[in-house]
Amino acid sequence: MTEKTEINVLGCGSSFGVPLSHDIWGNCDKSNPKNQRTRPSILLKKAGKSILIDTSPDLRKQLIDNKIDNIDSVIYTHSHADHIHGINDLRAISLINKKKIPIYSDEITLNILKNSFSYLFTKDVKHGYEPILNSNKIETKFFEINGFKVEAIKQNHGNIDSLGFIFDEKIAYNLDVKFFYDKNYFDRIKGIECWFVGCLRYDEHPSHASYQEVIDWTQLVNANQTFLSHMTAHIDYETEYKKLSNNRVYPAYDGLKITI
Ligand SMILES: [Zn+2]
Ligand SMILES: [Zn+2]
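So, here is what we can say about the structure in this document. Since the model is a prediction, treat every value here as computed from it, not as a measurement. (Residues numbered from 1 in each chain as written. Chains lettered and ligands numbered in written order. Predicted model: local features only at pLDDT ≥ 70, side-chain atom pairs only at ≥ 80, totals over all residues.)

**Digging into the overall build of the chain**
Part 1: In terms of regular secondary structure, the chain is built from 7 helices and 15 strands.
Part 2: Taking 2.2 N^0.38 as the reference for a compact globule, 260 residues should give roughly 18 Å; the C-alpha atoms of the chain span a radius of gyration of 18 Å, in line with that estimate.
Part 3: Each principal axis of the C-alpha atoms in the chain carries an extent, and together these give about 55 × 45 × 40 Å.
Part 4: Out of the 260 residues belonging to the chain, those deemed buried represent 42%. (Helix = DSSP H or I, 4+ residues; strand = E, 2+ residues; numbered from the N terminus. Rg over C-alpha atoms; globule rule 2.2 N^0.38 Å. Buried ≥ 20, exposed ≤ 12 C-beta atoms within 10 Å, placed from the backbone.)

**Observations concerning the nonpolar core**
Part 1: Residues Ile42 and Phe165 are the most contacted members of the largest nonpolar core, which totals 61 residues.
Part 2: Excluding residues within four positions of it along the chain, phenylalanine 165 makes contact with Ile75, Val150, Glu151, Ala152, Ile153 and Tyr173. (Core = buried A, V, L, I, M, F, W, Y, C linked by C-beta atoms within 7 Å. Contact = placed C-beta atoms within 7 Å.)

**Things to note about the pairing of strand E7 (residues 142-145)**
Part 1: The sheet contact formed by E7 and strand E8 (residues 148-157) spans 4 bridges and is antiparallel. Looking at the pairing, phenylalanine 143 lines up with valine 150 of E8.
Part 2: Hairpin connection from E7 to E8: 2 residues lie between these consecutive antiparallel strands, with asparagine 146 at a positive phi of about 50 degrees. (Pairing = 2+ DSSP bridges.)

**So, the sheet that holds strand E15 (residues 257-259)**
Part 1: Taking strand neighbours across the sheet as the criterion, the 7 strands line up as E6-E5-E4-E3-E2-E1-E15 in an open arrangement whose pairing is mixed. Sheet topology places strand E6 (133-137) and E15 at the edges, where each strand pairs with a single neighbour. Within the sheet, the average angular offset between the axes of one strand and its neighbour, ignoring direction, is 20 degrees.
Part 2: In this structure, strand E3 (residues 49-53) lies alongside strand E4 (residues 73-75), joined through 3 bridges in parallel fashion. Paired with leucine 52 across the bridge in E4 is valine 74.
Part 3: In the packing of helix H4 (residues 107-116) onto the sheet, contacts are made with strand E5 (101-105) and E6, and the angle to E6 comes to roughly 155 degrees. (Axes fitted to C-alpha atoms, helices over the stretch in contact; angles between N-to-C directions.)

**Structural notes on the pairing of strand E12 (residues 194-198)**
Part 1: Burial analysis of E12 places 4 of its 5 residues in the buried class, which makes it a mostly covered element.
Part 2: Relative to E12, strand E10 (residues 171-174) runs parallel, the two being bridged by 4 bridges. The residue of E12 that forms the bridge with tyrosine 173 is phenylalanine 196.
Part 3: For E12 and strand E13 (residues 225-229), the ladder comprises 5 bridges, and the chain directions are parallel. Bridge pairing in E13 links cysteine 194 to glutamine 225.
Part 4: Where the polypeptide runs from E12 across helix H6 (residues 211-221) and back to E13, its parallel neighbour, the crossover connection is right-handed. (Right-handed = clockwise from strand over helix to strand, strands pointing away.)

**With respect to the environment of glycine 147**
Part 1: Tracing the backbone through its elements, the reader meets glycine 147 in the loop between E7 and E8.
Part 2: Taking the number of C-beta atoms within 10 Å as the measure of exposure, glycine 147 has 14 and is therefore partly exposed.
Part 3: Sequence separation between glycine 147 and alanine 47 is 100 residues; the distance between their C-alpha atoms is 8.2 Å.
Part 4: Once residues lying within four places of it in the same chain are set aside, the contact partners of glycine 147 are Lys46, Ala47 and Lys49.

**Some words on the environment of aspartate 65**
Part 1: Take aspartate 65: it is sitting in helix H1 (residues 59-65).
Part 2: In this structure, the C-alpha to C-alpha distance between aspartate 65 and glycine 255, residues 190 residues apart in sequence, is 7.7 Å.

**Notes on the environment of glutamate 213**
Part 1: Structurally, the position occupied by glutamate 213 is in helix H6.
Part 2: Residue class for glutamate 213 comes out partly exposed when judged on the 15 C-beta atoms lying within 10 Å of it.

**Concerning unusual backbone geometry**
Part 1: In the segment running from valine 18 into proline 19, the intervening peptide bond is cis, with an omega of 0 degrees.
Part 2: Inspection of the secondary structure puts proline 19 in the loop between strand E1 (5-11) and strand E2 (41-46).
Part 3: Unusually for a residue other than glycine, alanine 47 sits at a positive phi of about 50 degrees.
Part 4: Relative to the helices and strands, alanine 47 is located in the loop between E2 and E3.
Part 5: In this model, asparagine 222 sits at a positive phi of 50 degrees, which is unusual for a non-glycine residue.
Part 6: Structurally, asparagine 222 can be placed in the loop between H6 and E13.

**Focus: H6**
Part 1: All of the buried residues in H6 are Tyr211, Val214, Trp217, Thr218 and Val221. What you see down the axis of H6 is that its buried residues fit within an arc of 120 degrees, all on one side. Relative to its buried face, H6 has exposed residues pointing more than 90 degrees away, namely Gln212, Gln219 and Leu220.
Part 2: The secondary structure elements touched by the buried residues of H6 are helix H5 (185-188), E12, E13 and strand E14 (249-251).
Part 3: Directly beyond the C-terminal end of H6, a positive phi value near 50 degrees is found at asparagine 222. (Arc of directions from axis to C-beta.)

Shown next as structure tokens:
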């Protein structure tokens, strides 16, 4: 019997979250709690071992809300602030569990993390911080973390590239993406059990695919379940649910849990 994977969406908002910091809700119905979105992060757990994807600036709140007190590894998609700035909250997880946490990403992202948050990687005598992270460069397309078989997908994100991931051939995660370099990518994940895809807003954006492009992609992939994530306040939960759920495409929401 293959082991089940628990997926816990910790945050499905874009870089400003919903509502924005000045209480702007855009098209979102503020009475629906599913429209309250923290910055993007997700946790996968299998056989008692977990992988966190990205450390959102809201990580502390996400860990509390989802009752998470241990993380076995972290994998980063890219170095934009909405995906990394909660990295300091890993200190609590490290200290509570008395262990260093391995993090994984490409060389560019790891270098930015090590330069920006050096005290987490090397002993900071002046401030008395002990290092809590081990960095691991992703060097091959296929690799393994905590029993998960992982495939890294290089994707265009405007001026930079970001990483998407396929886990155990059944979960694909492609959040900050303008287009895929692999022209066969939609065939690669066609019919996959669960696809998380970034769906920022209706308008064009220089580093994210537009709503209509993403919806077209979902039809090509035809996943068993597709969840839209990285959504701005343009995207109202109920409006999209009514439009898309007949095709097994759903807006994600913070706290969503799926077992597959
Ligand atoms: Zn980004
Ligand atoms: Zn982002």
